[in-house]
Amino acid sequence: MIKMYDVVVIGGGPAGLAAAVSAEKNGAKTLIIERENKIGGILKQCIHDGFGLLKFHEKLSGPEYAYRYIEMAKNIETLTSTFVTSVKKINDTFHFNLVTKDGLLKVTSKSLILSTGCRERTAKQIFIHGTRPAGVYTAGTAQYFVNIMGYLPGKKTVILGSGDIGLIMARRLTLEGAEVLGVYEAKSTPSGLQRNIAQCLDDFNIPLHLSKTVTKVLGTERVEGVIVSSLDETMKILPNTEEFIECDSLILSVGLIPENEVAESLNITLDPSTKGPYVDDFLMSVDSKGVFSCGNALHVNDLVDYVSESGEIAGKNAANYSKNFEKNSIKEKVSIKKGNNILYVVPQYVSKESKEFILYFRVNKVMKNKTVIIKDTENIIFKKKYLFLKPPEMEKIVLKINNPSQLKLEVI
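Source: prediction; values computed, not measured.

### Digging into the overall build of the protein chain
- A count of helices and strands for the protein chain gives seven helices and 28 strands.
- In terms of overall size, the protein chain behaves like a compact globule, its C-alpha atoms giving a radius of gyration of 22 Å where 412 residues would be expected to give roughly 22 Å.
- If one aligns the C-alpha atoms of the protein chain with their principal axes, the spans along those axes are about 65 × 60 × 40 Å.
- Contacts in the protein chain between residues at least 24 apart in sequence constitute 61% of all its contacts with a sequence separation of at least 6.
- The average position of the 52 basic charges and that of the 46 acidic charges among the side chains of the protein chain differ by 4 Å.

Written out as structure tokens, the structure reads:
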């Protein structure tokens, strides 16, 4: 017998848990599908604090934050160690083929929430030359080794990339007795939050080298060193700037990519700026009615609190969509264009019927003393001055609108 649900949530991390709790709270029969053997996502290995300041007004560790949502979701049906092998949409109903620890399973649902998170870029994806010796890890893998398995991945480490997890691992490895020789960043500005640079590097005297990158890994069985080169303002390698650094490990913190293979299997178009689906203010795909996206699958967030927030929005709207399953019609939408100095906006569309919604955006470069404006055609409907705007820091606006016709966000 095929089980039927109102809402199926793929992914049991912070976005998926928040979405499932929100959907259940709004009356939807909900199922969570998680490929790992425990729900909670990456938070399980993030033992540092700083989570939950916006959501719970407390400074929590990753496991503590995850536990809050795991408790809230304890009565929601959950399948762990389960993989989605296919999803098909037939007459507006989603049909899932699953591989569980007990065998094959088929389920259906009226709506689908994609909360599949993101994955780290690897050395192969950034084209570092050299051999492939042991000792090259992504920052997330190194974090898993240290915090979950109790292994130190190296004693003398170079970190490439100043993303937040790389900065956090620089501090973590130092606390565990490793020597972190430096964090190298190809861009001319750091990629992580300022608070992490201060707390993870400055407080531990770990140097941050900007406009430098690792161009070669040396070693046969094990990393023996790396070659670091300087870059110009266009990120091209400057000749005769090579520097050999002796080390036994290289940790990569070079960006995250939303995981959207399921979305692509449903022929959902991805925004090249966010690598997530184009969505409206209900966080529903504009390509496929009934498919919602949230968390880092939608766009890479800087705070887990925002990940949960988008999960709550998606969960509530997926539940409402399922309740009105027979009556749902395509709502008229207008686009939200990105103007000067804007890297991306989420959502990219808004329903003409909406009166208020949350808009997230990132800028494409560091700027000081700038004004963010939102225009509806030629009329300015939002204006705010910012002392600093930085690409690593996501910004959020709660926007009130009235029958919009064409929205555009820009920095002037």
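### A few points about the sheet that holds strand S14 (residues 208–210)
- Taken together, the five strands give an open sheet; going across it, the order is S11-S18-S12-S13-S14, and neighbouring strands pair in parallel fashion. Taken across any chain shown, the strands that pair with only one partner, and hence form the sheet edges, are strand S11 (136–138) and S14. When the angles between neighbouring strand axes are averaged without regard to direction, this sheet yields 20°.
- Bridge count for strand S12 (residues 156–160) against strand S18 (residues 249–252) is four bridges, and the pairing is parallel. Its bridge partner lying in S18, Ile-159 is registered against Ile-251.

### Some words on the environment of Lys-44
- The residue Lys-44 is located in the loop between strand S2 (30–33) and strand S3 (49–51) in this model.
- The sequence separation of Lys-44 and Asn-147 amounts to 103 residues, and the corresponding C-alpha distance is 9.2 Å.
- Those residues within four positions of Lys-44 in sequence are excluded, and the remaining contacts are Glu-36, Lys-38, Ile-39, Pro-63 and Ile-148.
- Separated by 3.1 Å, the side chain of Lys-44 and the backbone oxygen of Gly-41 make a polar contact.

### Looking at the packing of helix H4 (residues 164–175) against helix H5 (residues 194–201)
- At a closest axis distance of 8 Å, the pairing of H4 and H5 adopts a crossing angle of 15°. On the basis of their axis angle, the class for H4 and H5 is roughly parallel. Relative to H5, H4 is oriented so that their crossing is left-handed. Contacts between H4 and H5 pair Asp-164, Leu-167, Ile-168, Ala-170 and Arg-171 from the former with Asn-196, Ile-197, Gln-199, Cys-200 and Leu-201 from the latter.
- Of the residues assigned to the contact of H4 with H5, the class counts are six nonpolar, two polar and two charged.

### Considering helix H7 (residues 304–323)
- Relative to the 28 Å expected for 20 residues at 1.5 Å per residue, H7 spans 29 Å between its end C-alpha atoms, a close match to the ideal helical length.
- Counted residue by residue, H7 has 15 buried out of 20 residues, so it is predominantly covered.

### Quick notes on a nonpolar patch on the surface
- The grouping of Tyr-144, Ile-148, Met-149 and Tyr-151 at the surface amounts to a nonpolar patch, some 400 Å² of accessible area in total.
- Along the polypeptide, Tyr-144 turns up in helix H3 (residues 139–149).

### Brief notes about the packing of aromatic side chains
- Scanning the model with the defined rule gives six aromatic pairs in all.
- Here the aromatic rings of Phe-292 and Tyr-321 are separated by 6.1 Å at their centres, their planes lie at 75°, and the arrangement is edge-to-face. Here the residue Phe-292 occupies a position in strand S20 (residues 291–293), and Tyr-321 occupies one in helix H7, the gap between them amounting to 29 residues. Neither residue differs from the other here; Phe-292 and Tyr-321 are each classed as buried.
- Of the aromatic side chains, those joined through ring pairs into one cluster are Phe-56, Tyr-65 and Tyr-69.
- If you follow Lys-29 out to its NZ or CZ, it ends over the ring of Tyr-5, 5.2 Å from the centre.
- The ring of Phe-388 has Lys-390 sitting right over it, with the charged end atom 5.4 Å from the ring centre.

### Thoughts on the state of the cysteines
- Evaluated as defined, the whole model comprises zero disulfides.
- The thiol of Cys-200 is unpaired, and the distance to the nearest cysteine sulfur, on Cys-46, comes to 12 Å.
- With no disulfide of its own, Cys-294 lies 12 Å from the sulfur of Cys-118, the closest cysteine sulfur.
- Residue classification places Cys-294 among the buried residues on the basis of a relative accessible area of 1%.

### Overview of the packing of helix H1 (residues 14–25) against H7
- In contact at an axis separation of 7 Å, H1 and H7 are set at 35° when each is read in the N-to-C sense. Seen along the crossing, H1 lies across H7 with a hand that is right-handed. Facing Pro-14, Ala-15, Ala-18, Ala-19, Ser-22 and Ala-23 of H1, the residues of H7 in contact are Val-304, Val-307, Ser-308, Gly-311, Glu-312, Gly-315, Lys-316 and Ala-319.
- Here the contact of H1 with H7 is built from residues that sort into eight nonpolar, four polar and two charged.

Rules used throughout
- Residues numbered from 1 in each chain as written.
- Predicted model: local features only at pLDDT ≥ 70, side-chain atom pairs only at ≥ 80, totals over all residues.
- Heavy atoms only, no water.
- Helix = DSSP H or I, 4+ residues; strand = E, 2+ residues; numbered from the N terminus.
- Rg over C-alpha atoms; globule rule 2.2 N^0.38 Å.
- Contact = heavy atoms within 4.5 Å.
- Lys, Arg positive; Asp, Glu negative; His and termini not counted.
- Charge placed at Lys NZ, Arg CZ, Asp CG, Glu CD.
- Pairing = 2+ DSSP bridges.
- Axes fitted to C-alpha atoms, helices over the stretch in contact; angles between N-to-C directions.
- Polar contact = N/O pair within 3.5 Å; in protein donor to acceptor, adjacent residues only side chain to side chain.
- Parallel < 35°, antiparallel > 145°, perpendicular 65-115°, else oblique.
- Left-handed = near helix turned anticlockwise from the far one by under 90°.
- Nonpolar A, V, L, I, M, F, W, Y, C, P; charged D, E, K, R; others polar.
- Expected span 1.5 Å × (residues − 1).
- Buried < 20%, exposed > 50% of the residue type's maximum accessible area, 1.4 Å probe, protein only.
- Patch = residues over 30% accessible without salt bridge, like charges linked within 9 Å, V, L, I, M, F, W, Y side chains within 5 Å.
- Areas by Shrake-Rupley, 256 points an atom, 1.4 Å probe, with all protein chains shown as cover.
- Salt bridge = Lys/Arg side-chain N within 4 Å of Asp/Glu carboxyl O.
- Phe/Tyr/Trp six-rings, centres within 6.5 Å; stacked < 30°, edge-to-face > 60°.
- Lys NZ or Arg CZ within 6 Å of the ring centre and 35° of its normal.
- Disulfide = S-S within 2.5 Å.

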